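# Fold and geometry: a report
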Amino acid sequence: MVHIRRSALLLVAIATAMAVSACGSDGGARRGDSAPAPVRPNGGIPWSGDETRASDDPQSTFAVDVDTASYGYARRLIMDGRLPERGTVRPEEFVNSFRQDYPQPAGDGFAVHVDGARLPRTHEAGGDERLLRVGLQTRAEDEERRPDAALTFVIDVSGSMGEPGRLDLVRDALHTLVDQLRPTDSIAVVEFSDKARVAREMTPVADARPLHAAIDSLHTRSSTNLEAGLVLGYRVARDGFRPGRTNRVIVLSDGLANVGSTDAEPILRRVRAEAEKQIALLGVGVGSDYGDELMEQLADRGDGFAVYVSEREQARKVFVQQLPATLSVRALDAKVQVTFAPQAVRSYRLVGYDNRAVADEDFRDDRVDGGEVGPGHSVTALYAVRLAEGASPSARIAQVQVRWTDPADRTPAETYGSVTVADVDRSFTEASPRLRACYAAAWFGETLRGDGSGGQVRLTDLATIADEAAAATEDAEVRDLARVIRSADELR
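Residues numbered from 1 in each chain as written. Predicted model: local features only at pLDDT ≥ 70, side-chain atom pairs only at ≥ 80, totals over all residues. Heavy atoms only, no water.

Looking now at the overall build of the protein. Along its length, the protein carries 11 helices and 17 strands. Across the 492 residues of the protein, 61% fall into the buried class. Accessible surface for the protein amounts to roughly 18,200 Å². Of this, 48% is attributable to carbon and sulfur atoms. (Helix = DSSP H or I, 4+ residues; strand = E, 2+ residues; numbered from the N terminus. Buried < 20%, exposed > 50% of the residue type's maximum accessible area, 1.4 Å probe, protein only. Areas by Shrake-Rupley, 256 points an atom, 1.4 Å probe, with all protein chains shown as cover.)

We now examine the sheet that holds strand β10 (residues 280-285). Here we have six strands laid out as an open sheet, ordered β8-β7-β6-β9-β10-β11, and mixed in their pairing. At either end of the open sheet lies a strand with only one pairing partner, and these are β8 (196-204) and β11 (305-308). The average undirected angle you get between the axes of adjacent strands in this sheet is 15°. Here helix α3 (residues 167-180) sits on the sheet in contact with β6 (149-156), β7 (186-192) and β9 (246-253), set at roughly 165° to β6. Where helix α4 (residues 208-216) meets the sheet, its contacts fall on β7 and β8, and the angle it forms with β8 comes to roughly 160°. (Pairing = 2+ DSSP bridges. Axes fitted to C-alpha atoms, helices over the stretch in contact; angles between N-to-C directions. Contact = heavy atoms within 4.5 Å.)

The biggest cluster of nonpolar side chains holds 71 residues, and the ones touching the most others in it are Phe153, Ile155, Phe319, Phe340, Tyr383 and Ile397. Ile155 has contacts with Leu167, Val170, Leu174, Val189, Val190, Glu191, Phe192, Leu218 and Leu252, leaving out every residue within four places of it along the chain. Core analysis: the next-biggest nonpolar cluster, separate from the first, contains 38 residues, Tyr71, Ala441, Ala469 and Val484 among them. (Core = buried A, V, L, I, M, F, W, Y, C linked by side-chain atoms within 4.5 Å.)

Summarising burial for strand β15 (residues 378-387): 10 of the 10 residues are buried, a large majority. Burial of β15 is two-sided: the residues Ser378, Thr380, Leu382, Ala384 and Arg386 facing one way and the residues Val379, Ala381, Tyr383, Val385 and Leu387 facing the other way are all buried. Note: strand β5 (residues 129-137) against β15, nine bridges, orientation antiparallel. For Glu129, the partnering residue across the bridge sits in β15 and is Arg386.

Time to look at the packing of aromatic side chains. One pass over the full model with this rule turns up 13 aromatic pairs. Taking the centre distance of 5.3 Å and the plane angle of 55° together, the rings of Tyr73 and Tyr308 count as tilted. Highlighted residues: Tyr73 in helix α1 (residues 69-79) and Tyr308 in strand β11, separated in sequence by 235 residues. Accessibility classification places Tyr73 together with Tyr308 in one group, the buried group. Each residue in the set Tyr71, Phe94, Phe98 and Phe444 is aromatic and connected to the rest through ring pairs, giving one cluster. (Phe/Tyr/Trp six-rings, centres within 6.5 Å; stacked < 30°, edge-to-face > 60°.)

Close approach of charged atoms allows side chains with opposite charge to pair. Using the criterion set out here, one finds 37 salt bridges in the structure. A salt bridge links Glu446 to Arg349; the nearest nitrogen and oxygen atoms lie 2.8 Å apart. One end of the pair, Glu446, is in helix α9 (residues 433-449); the other, Arg349, is in strand β13 (residues 345-350), and 97 residues separate them in sequence. The residues Glu446 and Arg349 share a single accessibility class, namely buried. Linked by salt bridges that have partners in common, Glu51, Asp128, Glu129, Arg346 and Arg386 make up one network. (Salt bridge = Lys/Arg side-chain N within 4 Å of Asp/Glu carboxyl O.)

No statement about biological role is implied by the geometric values presented.
Here you go:
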């Protein structure tokens, strides 16, 4: 059963963003169970490829992340015949790229779903290890009830965007979006190469002709001054700011900045400041050469999320289906804290979420940034858990707490759930198809990243698991995951 409690305290730092978001790994091998747990300055977050003793540090805390760009970019490279660089692979984004079937809450905030299973027979692990899934779900929204939107598109027109599947794809998606948005929504268009210019000031969608003309005027020019584009884009967004609306900057780029400030930090500081003024950032990446790290950091600091598109249908799905449906926000600054019971759990390992770590003591510090989640979205985190010897089936493994800020009145709220040994003791074949798909996606990411845990699985086995999950769910995207895994196996 899930319980909810609210604090009457106002949020100290107001951060607003759109919903729908982790890079780096220590690359170390797994520790043996008898090795002492490492000391971590970040509050005990278990880095991927490492295990943490529950008796030494029972809490795992991280900011919610709904980015999916890492999987989208990896998929593009693999299907083009290349494996991604290890540093661009974030397993949690692989997992969150696929639909879940979690029940929705009745109100705002989250429903919490916790389950698990034994690992599949093909996974080389001890019999005491279990897969634990933490799932969060927000309530979907009626399109007619969402607030009007004021969207500023900041579009990269540098020379590299002339590659097929970049600017042509962006223009097609924007034309379709203009035709799909409500007449009372508004759009501005900013383009940038070595300099930035306003192609169209904030204009109601009801006046669609000049918006389509501005989109048609986008043509590739010279170098990439991403800083100039964002500076002008936020200026236009401020000038067109509409109180009570969803105000957002949407940057479309290959992220390969080479003019102006190419260092992330100055750009990130500006984005962070503007996000605090209630203008959130969405990053949409394109191109076979893609500045993944910069785009991902911009989205995280801008209280938004990052996606990657390489095909026309993907772009239309993002702009025509996902964007209008998720313009409002269900939860601000969402964080998750999982407290493991040492009497039932020997050790645990969080899969991914490496750069979303939050110190355990900052879970209830609302000045510490979390993640933003919109209507109808799911968030999934996986743990590999080693059970204590002789743990009773009724023993509680962990309590899961989620804290967020209500976007309407800026007050904090929490919800929580718990899970027992019996909840994770079913065989893998009896687990839900969505859980099995999560496992295949996560360990595919870990294998590509070269984590020690990735060596416990074979890609051919992961592809088979994805195929079986796809057959059970009739989900074409999960079936495509199996195809991508097999293609990656051929490239190794």
